[in-house]
Number of protein chains: 4
Amino acid sequence: MRIVAERFATAGPSDCTGLRAALAGCRLDAREVLAVIGKTEGNGGRNDFTRELAVRAVAETLAGFSGESRDEVENRVVLSFSGGCEGVASPHQLVLARNGAPRREPAPEKRLAVAVGHTRVFDAAEIGRLAMIEETARVVRGLMAELEVDAEDVHLVQVKGAIPDPPAGPAPPRCDMVHARAASALGVGLALGEIAPERLSDEAVCRDWDLYSQVASTSAKPGLARSEIVLFANSADWGGDLRIGHALMQDMLDVAAVHAALRSVGLSPVDGQLPAGERERLLAVFAKAEANPSGHIRGRRHTMLGDDDIGDTRYARCVVGSVVAAVTGEPAVYVSTRAEHHGPPGGGPVAVIARAAPTARP
Amino acid sequence: MRIVAERFATAGPSDCTGLRAALAGCRLDAREVLAVIGKTEGNGGRNDFTRELAVRAVAETLAGFSGESRDEVENRVVLSFSGGCEGVASPHQLVLARNGAPRREPAPEKRLAVAVGHTRVFDAAEIGRLAMIEETARVVRGLMAELEVDAEDVHLVQVKGAIPDPPAGPAPPRCDMVHARAASALGVGLALGEIAPERLSDEAVCRDWDLYSQVASTSAKPGLARSEIVLFANSADWGGDLRIGHALMQDMLDVAAVHAALRSVGLSPVDGQLPAGERERLLAVFAKAEANPSGHIRGRRHTMLGDDDIGDTRYARCVVGSVVAAVTGEPAVYVSTRAEHHGPPGGGPVAVIARAAPTARP
Amino acid sequence: MRIVAERFATAGPSDCTGLRAALAGCRLDAREVLAVIGKTEGNGGRNDFTRELAVRAVAETLAGFSGESRDEVENRVVLSFSGGCEGVASPHQLVLARNGAPRREPAPEKRLAVAVGHTRVFDAAEIGRLAMIEETARVVRGLMAELEVDAEDVHLVQVKGAIPDPPAGPAPPRCDMVHARAASALGVGLALGEIAPERLSDEAVCRDWDLYSQVASTSAKPGLARSEIVLFANSADWGGDLRIGHALMQDMLDVAAVHAALRSVGLSPVDGQLPAGERERLLAVFAKAEANPSGHIRGRRHTMLGDDDIGDTRYARCVVGSVVAAVTGEPAVYVSTRAEHHGPPGGGPVAVIARAAPTARP
Amino acid sequence: MRIVAERFATAGPSDCTGLRAALAGCRLDAREVLAVIGKTEGNGGRNDFTRELAVRAVAETLAGFSGESRDEVENRVVLSFSGGCEGVASPHQLVLARNGAPRREPAPEKRLAVAVGHTRVFDAAEIGRLAMIEETARVVRGLMAELEVDAEDVHLVQVKGAIPDPPAGPAPPRCDMVHARAASALGVGLALGEIAPERLSDEAVCRDWDLYSQVASTSAKPGLARSEIVLFANSADWGGDLRIGHALMQDMLDVAAVHAALRSVGLSPVDGQLPAGERERLLAVFAKAEANPSGHIRGRRHTMLGDDDIGDTRYARCVVGSVVAAVTGEPAVYVSTRAEHHGPPGGGPVAVIARAAPTARP
């Protein structure tokens, strides 16, 4: 069992040229694709339709190769696009497929393992509350069991949180993107033992900022009835040449954390940046970004939260995208906002997937 | 003779709290102030009125201490504000004053020397042409002579380029910000010997991109009749504890260049960032930024030039401000766009002023 | 006693060319100026510094003629600038001065009378609550008494609502622009008998949308300790050639209301627009605008509230500014947002000041 | 032969609920659909992907009913979506189908007739030049011949202008949206006799602003090899209950022109706006908008062309959409920018389609 993954640069939200070539060339098998995660050049906000366009195009492309209908693909595969390629951040798709049989004996080095799951359908009144936290945690624990990995092997849990349409009338007070992201992140933290169960309650959500996950990366989608979860871990039972690692950025300028994440997968910046040779082994970087809610960073005032021309989420992605691209030398990075209960306020996790060095291959 | 300089964080474009305290506390003498250079939180574009507000407020503050009128201050002191504090970039003022008598003997280490000058009044038809290049070069050479420094000691030449109001009717075709910045930068390059005189012509402006200065930082201001020039160099004849250095960023992600500029003034990033102790010695960073006109950076597509919601200049400042802040750990950086004939397309100079290490003081 | 008023087009927020000429030419006396109300081309939001720049420039100009200091002018004269000249709305200043002695006998036709007042200093905890409503009403009643006018003679009450800096720590929950505007409007409605006192309470603010004033036009300014109020009425005791009228727009497209307001001051659109001759008599139009909070207008979906690139306040001003300019044929209109308790949700008052027709002059 | 048309409000760019219901209910036959013209809530600029999303969704919906492939639908039906629903402008689709046999005898009143055509494939070097003008005119004349109508019966010619991908290297200097729109409009004007052939030349394009069409409405699309043209006229040979009329707005506030266009199809505003009863008969309004390039409107300065936060095209659509919605009382209007050679600078055509009054039906 191994993860086969490729990253494709896109010329626009609906561009599937790279994916189509990989499918046509049999480098990827459409029926083995688990997830497609991408960045599109929308504004990442309420009126960002690039995500829908990308999902349509990718689903249609996969369907053309797998023999499924577009709807069947959308139900089977996690298609998760995040809008916002501010600054140097470059639009791209990361396609993850799983193939092969289980290893008969553990590998000398752990390799990337990925599992995908869904929560049950939520009631609108549960969003942003303990019920959502616990159901999210249940599914995360299930995916860990499926992969037979411990909490310390888990380096990234991507959640697209449910925001079900309320039965009638206005939505319950927490049935929104902020609380759906927050409860999803707390659910990840609960499952991984980062957060003690007794500290969790309805009241803790978006209030007790000491509670957070260092590996969650959650978004939320109005209209989604159940949360979609992709768990990334390293496992000695899996083969392939990919590994994942992570670190926690304490703030948007925490360069040391990006260095630590890179080193954890065997990559070493020189003079502040990955050399070109090592950069080729970098497959993906995921980071969560948010403008420090205090209005200050490193003791200096920032203006991201008081600007009525450009929203703070656009700035946050631009800043962290630039910082990560500066350290890696690679602009095709995945940065999303905001980051409630993902690290301390103003901070957020960064995860890195890289290919093992050729010399390390058996 | 030495440069006394302080950097003040501002709570808004008209905030002069820090400056007023320094003047009231006699840390600065209003009559010795040569230049105030700052960043304000406007959009940096045509409808950015924060610069005018800042200039008014600073001039009024200085006038209150120097006994001059506001107009007299504006004529004597270079007041240069650049709009655009995107992302982590933090609004601030850098105040430069000159005091003391000439040293009787050269110092063991060169120190920051600053001189200020103006071109003659330009005719609108001269803007963006050889006449502007040569007049700019003449003044730069004069300032070098005044400071008795060679080209290799010059690390930054800030120019606010003239864009005189045309006599009547529409402006001549080049009487705009793009050409005024371009010709000003070429003038700096000519004076410093970076550009061979025989390669310069009207036609070379905004066409021959191989010609550039590595130390220019030019802007342009409609209505300004003569260009304002501030030259920063190191000189053995000057005292104080400040030094300046620079490097050329080949593109927006050229972290190595920022490291080189820091090292040139005795500062050394660790794990990709200046340690807190060294950061305190950093007084100012100046960088020029522009979205790579090719639409690509490091082989990846960027979307800065095709976004009709947010302009490329805002992204460019946000990216380079983030990169420089990531390496220095300091958000109060001065980044301005665009960068015609300032390094190769997509690149630009970065200059650093720092205090000498305490141990280095005699 | 009469109001002398002039409207000046501005070439930028700090442009006082027109005002200066009127003062120099003795058409206006700086010591008689009661209020300067204007529109500037900022974004009208938190990072709009054009208002501060305009206030500085106008105060400085008036001070240069009145012999006062700039601070004295700012304390004596209501200087009220609103940012946001979206679309065809054209930046301008309206200067209102009062001169002459009281009439000995009532005029055959009522004329514009203006009075200016301030509330007491508010406590931050009072903002957006009954205390603010009642104090605002008290001052409005006082200004009516001063002018000896009844409620039906009052056609516009402009309030710049206080938002005092809280003593320490975070602001009380209602100490914000929304609640300060809302309570100020309710205060106007209370004073004018539009709202029954027994229906008012802390809870009614921003909840009971049936309560509103049809003549209020309120804004709010962080840092302002007491509200500034300008009351516009018609009075038989006043002379001059100006009259004011108003109507209530039920929604942003309520053209009939604009017609009614114009007719109330003797102006008649032909084929949907004021003819050029009548337009010359139009001195000022004030309108309050807001995107209908239901997300619909006339049964059609609008997208103003879900756009993360451009804020709803900018759209609202652009729409109502266009509608009012379409009916009047005059782009120098004053439109401000938002409009809590100013008419029904999505609607707002429109007031018109016009010169009497030459034939109507005695 | 008659045009059957319906307008559908959309809940998002891909929403085809209304269209699907009309097809399922047999009110429309997918195989008879000639054109779908709509407005989406994108920014209308280079990074507006809502148009592509809408075209995909509509083509897929039609294909599901017609039995064609999506590509076949896109080749047969003109699918023309314009981004930008600023302010009150409401997203919608207008679906035009043609059915029935030719009338045996002319009707007592002329009715709406529509024909659709394509130019030949253009060479990139022809765009914006006489070749494009003449080929556009040839096709327009052909469509007039097909419908057997004279120039005075033609009230709207919608053109999506070709911008072919250049064979290699950079595009020819005029191969852009500005020149493609301009030449297309001149082509319409040439065909209709609005412009004398001897005044046309390569040089006249975007230079001789006296030359314009009063019924053109052109856009341009990069990547489109041949222009798509939809001609709307009234004909005594056609049946149905629809009629079209038009007028020329001299500037964005030309309310009289909107009145004239409405009256030409039997609709009469009262007090500046169509009464509700007449509004129901209004099927569609098409207007072209542009910020007056002089920077002034009606002698007042506007700020649309110097705003670096919000582009002039967004303001222009918002203003004209508001003006047209104010007069019609209907927010589902189609306004597009810019308007080179569509009326005088700052002006543009407005066309109206309405159902005949019930009493007028035989």
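First, a word on scope: everything that follows refers to the structure included in this document.

The rules we used
- Residues numbered from 1 in each chain as written.
- Chains lettered and ligands numbered in written order.
- Predicted model: local features only at pLDDT ≥ 70, side-chain atom pairs only at ≥ 80, totals over all residues.
- Heavy atoms only, no water.
- Pairing = 2+ DSSP bridges.
- Helix = DSSP H or I, 4+ residues; strand = E, 2+ residues; numbered from the N terminus.
- Axes fitted to C-alpha atoms, helices over the stretch in contact; angles between N-to-C directions.
- Buried < 20%, exposed > 50% of the residue type's maximum accessible area, 1.4 Å probe, protein only.
- Polar contact = N/O pair within 3.5 Å; in protein donor to acceptor, adjacent residues only side chain to side chain.
- Contact = heavy atoms within 4.5 Å.
- Buried area = accessible area lost by both parts, 1.4 Å probe.
- Salt bridge = Lys/Arg side-chain N within 4 Å of Asp/Glu carboxyl O.
- Phe/Tyr/Trp six-rings, centres within 6.5 Å; stacked < 30°, edge-to-face > 60°.
- Lys NZ or Arg CZ within 6 Å of the ring centre and 35° of its normal.
- Least-squares fit on C-alpha atoms with pLDDT ≥ 70 in both.

Attention now goes to the sheet that holds strand β13 (residues 334-336) of chain C. Residue and element names in this part refer to chain C. Strand order across the open sheet formed by four strands is β9-β14-β10-β13, with mixed pairing between neighbours. Because the sheet does not close on itself, it has two edges, and the strands there are β9 (242-249) and β13. Averaged over all pairs of adjacent strands, the angle between their axes in this sheet comes to 10°, without regard to strand direction. Across five bridges, the pairing between strand β10 (residues 282-288) and strand β14 (residues 348-355) is antiparallel. If you follow leucine 282 over to β14, its bridge partner there is alanine 354.

Backbone torsion omega between threonine 337 of chain A and arginine 338 of chain A reads -20°, so that peptide bond is classified as cis. Its location among the elements puts arginine 338 of chain A in the loop between β13 (334-336) and β14 (348-355). Even without being glycine, glutamate 148 of chain B reaches a positive phi, approximately 55°. Secondary-structure assignment places glutamate 148 of chain B in the loop between α4 (130-147) and β6 (154-163).

With that out of the way, let us pick up the pairing of strand β2 (residues 33-40) of chain C. All names here are of chain C. In terms of burial, β2 is largely enclosed, as eight of its eight residues are buried. As paired strands, β2 and strand β4 (residues 92-99) are joined by six bridges and run antiparallel to one another. The residue bridging valine 36 from the neighbouring strand is valine 95, located in β4. One ladder, built from six bridges, connects β2 with strand β3 (residues 78-83); its direction is parallel. Within β3, the residue paired with alanine 35 across the bridge is valine 78.

Residues and elements named next belong to chain B. Here serine 227 lies in the loop between β7 (216-222) and β8 (228-235). For the pair serine 227 and glutamate 6, spaced 221 residues apart in sequence, the C-alpha to C-alpha distance is 25 Å. Reaching out from serine 227, the side chain makes a polar contact with the backbone nitrogen of alanine 162 at a distance of 3.0 Å.

All right, on to the interface of chain A and chain D then. One widely used convention gives an interface's size as the accessible area the parts lose upon coming together. Tallying the contact residues gives twelve residues for chain A and twelve residues for chain D. Of all residues in chain A, Phe49, Leu53 and Arg56 of chain A give up the largest surface area on contact with chain D, accounting jointly for 47% of the area buried on that side. Between arginine 70 of chain A and glutamate 60 of chain D there is a salt bridge, and its shortest N-O distance comes to 2.9 Å. For the side of chain A that touches chain D, the element with the most residues is helix α2 (residues 50-66) of chain A, which contributes six residues.

On inspection of all chains with the given rule, the structure shows eight aromatic pairs over all chains. When the ring of phenylalanine 232 of chain C is compared with that of phenylalanine 286 of chain C, the centres are 5.9 Å apart and the planes differ by 50°; the resulting orientation is tilted. With phenylalanine 232 of chain C in strand β8 (residues 228-235) and phenylalanine 286 of chain C in strand β10, this pair connects stretches of sequence that are 54 residues apart. Among the aromatic residues, those joined into a cluster by ring pairs are Phe232, Phe286 and Tyr334 of chain A. Taking NZ or CZ as reference, lysine 39 of chain B lies 5.4 Å from the ring centre of tyrosine 334 of chain B, over its face.

Now for the relation of the copies chain A and chain D. Between chain A and chain D, the superposition needs a rotation of 180° and an axial shift of 0.0 Å, giving an RMSD of 0.0 Å. When the rotation and shift are considered jointly, the pair of chain copies conforms to a two-fold rotation axis. Within chain A, leucine 53 of chain A has its C-alpha nearest the rotation axis, a separation of 2.9 Å.

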